[in-house]
Amino acid sequence: MKDIGAIGVLQDPVRRRLYDYVAARGEPVSRNEAATAAGIQRTLAAHHLDKLVEAGLLETESRRLSGRSGPGAGRPAKLYRRAVAEHQVSLPPRDYRTAAGLLAQVAEEARLDVELQKAAREQGWAARGEPVHNLSEVADLLRARGYEPFADDDTLRMRNCPFHALAEAYPPLVCGMNLALLQGLFGDSAEVHVRIDARPGICCAAVELSKINED
């Protein structure tokens, strides 16, 4: 029932704003920064942020923001970042993760990478809508699939992976599936190129943009 409690915490609009802000950042956030973003006092922000930590939605670390150490450097600040743990709710409980893990294990052992990628590409193609014409439309399409894209020059990277738990256990299999799914989603567009670019803490796939307007 822990997941239900975590989701319940987000029913409070202030906590939801704070969580959305912290989750969207690629680096830990201070109480002052979160308070300013949510338009509330620092003490109230601290209260709600700590409630999000108790619910397992955020994690904390301590660091001196000045970058200095030793006497006179000041006290370390408490910083918040999105928790790595995933939360899912179903009533009554369902264990889809175990089933997915077993299927991934069998697919990997049977070396069904090619077949899986073919099915993923077809799934992405079936989910396509209108062709994308600008950076915002590309990002919206990714968000609709559960990704959290952010711009890195002419590339969109994702702060999360919708298949995180499986990707950790079966990285080549699941990352290949993820890549094929996105390739199918964007089709044969000469303006959008999806590639593997694994980096710590973010999705293994990156979407390169060319000749796409920023408007």
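The structure under discussion appears in the preceding block.
Per-chain numbering applies: the sequence of each chain, read as written, is numbered from 1 onward. Only residues with pLDDT of at least 70 get local features here, since the model is predicted, and only at 80 or more are side-chain atom pairs given and counted; chain-wide, interface and lining totals rely on the full set of residues. Note that the side-chain values use all heavy atoms of the structure and ignore hydrogens as well as water.

1. A word on the nonpolar core
Part 1 of the reasoning: What we call a nonpolar core is a set of buried Ala, Val, Leu, Ile, Met, Phe, Trp, Tyr and Cys residues that are connected through their side-chain atoms within 4.5 Å. The classification of residues rests on relative accessible area computed with a 1.4 Å probe and restricted to protein chains. Under 20% of the type maximum is buried, over 50% is exposed, and intermediate values are partly exposed. By size, the foremost hydrophobic cluster in this structure holds 30 residues, and its most contacted members are V138, L142, L156, M158, L182, F186 and V207.
Part 2 of the reasoning: Working definition: helices are DSSP H or I runs of at least four residues, strands are E runs of at least two. Numbering for both runs from the N terminus. Looking at this core, the elements that each hand over two or more residues are α5 (96–109), α7 (135–144), β5 (155–158), α9 (171–186), β6 (192–196) and β7 (205–209).
Part 3 of the reasoning: It is α9 that contributes the most residues to this core, 9 residues altogether.
Part 4 of the reasoning: With residues up to four places along the chain from it excluded, the contact list for V207 reads V138, L142, D154, T155, L156, M158, F186, V192, H193 and V194.
Part 5 of the reasoning: Among the nonpolar cores identified, the runner-up in size contains 19 residues, and L10, V14, V29 and L52 belong to it. Residue contacts are defined here by distance: any two heavy atoms, one from each residue, within 4.5 Å place the two residues in contact.

2. Thoughts on the sheet that holds strand β3 (residues 77–82)
One key point about sheets: their strands pair by backbone hydrogen bonds, in either a parallel or an antiparallel sense.
Part 1 of the reasoning: By definition, two strands form a pair when at least two bridges between them are found by DSSP. Spatially, the 3 strands line up as an open sheet ordered β1-β3-β2, and their pairing is antiparallel. Each edge of the open sheet is held by one strand with a lone partner, namely β1 (29–30) and β2 (58–63).
Part 2 of the reasoning: The pairing of β1 with β3 spans 2 bridges and is classified as antiparallel. What sits directly across from V29, in β3, is Y80.

3. Considering the side chain of H48
Part 1 of the reasoning: Take H48: it is sitting in helix α4 (residues 42–54).
Part 2 of the reasoning: Of the residues examined, H48 reaches a relative accessible area of 7% and is grouped as buried.
Part 3 of the reasoning: Excluding residues that lie within four positions of it along the chain, H48 makes contacts with D12, V14, R15 and L18.

4. Overview of α9
Part 1 of the reasoning: To estimate the expected span of a helix, subtract one from its residue number and multiply by 1.5 Å. With 16 residues, α9 extends 22 Å between its outermost C-alpha atoms, agreeing within 8% with the 22 Å of an ideal straight helix rising 1.5 Å per residue.
Part 2 of the reasoning: Burial analysis of α9 places 13 of its 16 residues in the buried class, the great majority of the element.
Part 3 of the reasoning: Trailing α9 by a residue or two, G187 shows a phi angle of about 60°, which is positive.

5. Quick notes on the sheet that holds strand β4 (residues 149–152)
Part 1 of the reasoning: Strands sit in the order β4-β5-β7-β6 across an open sheet of 4 strands; the sheet is antiparallel. For this open sheet the edge positions go to β4 and β6, each flanked by a neighbour on one side alone. Geometrically, the sheet is characterised by an average inter-axis angle of 30° between neighbouring strands, direction not taken into account.
Part 2 of the reasoning: Alignment of β5 against β7, held across 3 bridges, turns out to be antiparallel. For L156, the partnering residue across the bridge sits in β7 and is V207.
Part 3 of the reasoning: Against the sheet, α7 contacts β4, β5, β6 and β7, and its axis sits at roughly 20° relative to β5.
Part 4 of the reasoning: Where helices are involved, their axes are fitted lines through C-alpha atoms of the stretch in contact, as for all axes, and angles between N-to-C directions lie from 0 to 180°. Here α9 sits on the sheet and contacts β5, β6 and β7; the angle it forms with β6, its principal contact strand, is near 180°.

Purely geometric stuff here, so don't read any function into it on its own.
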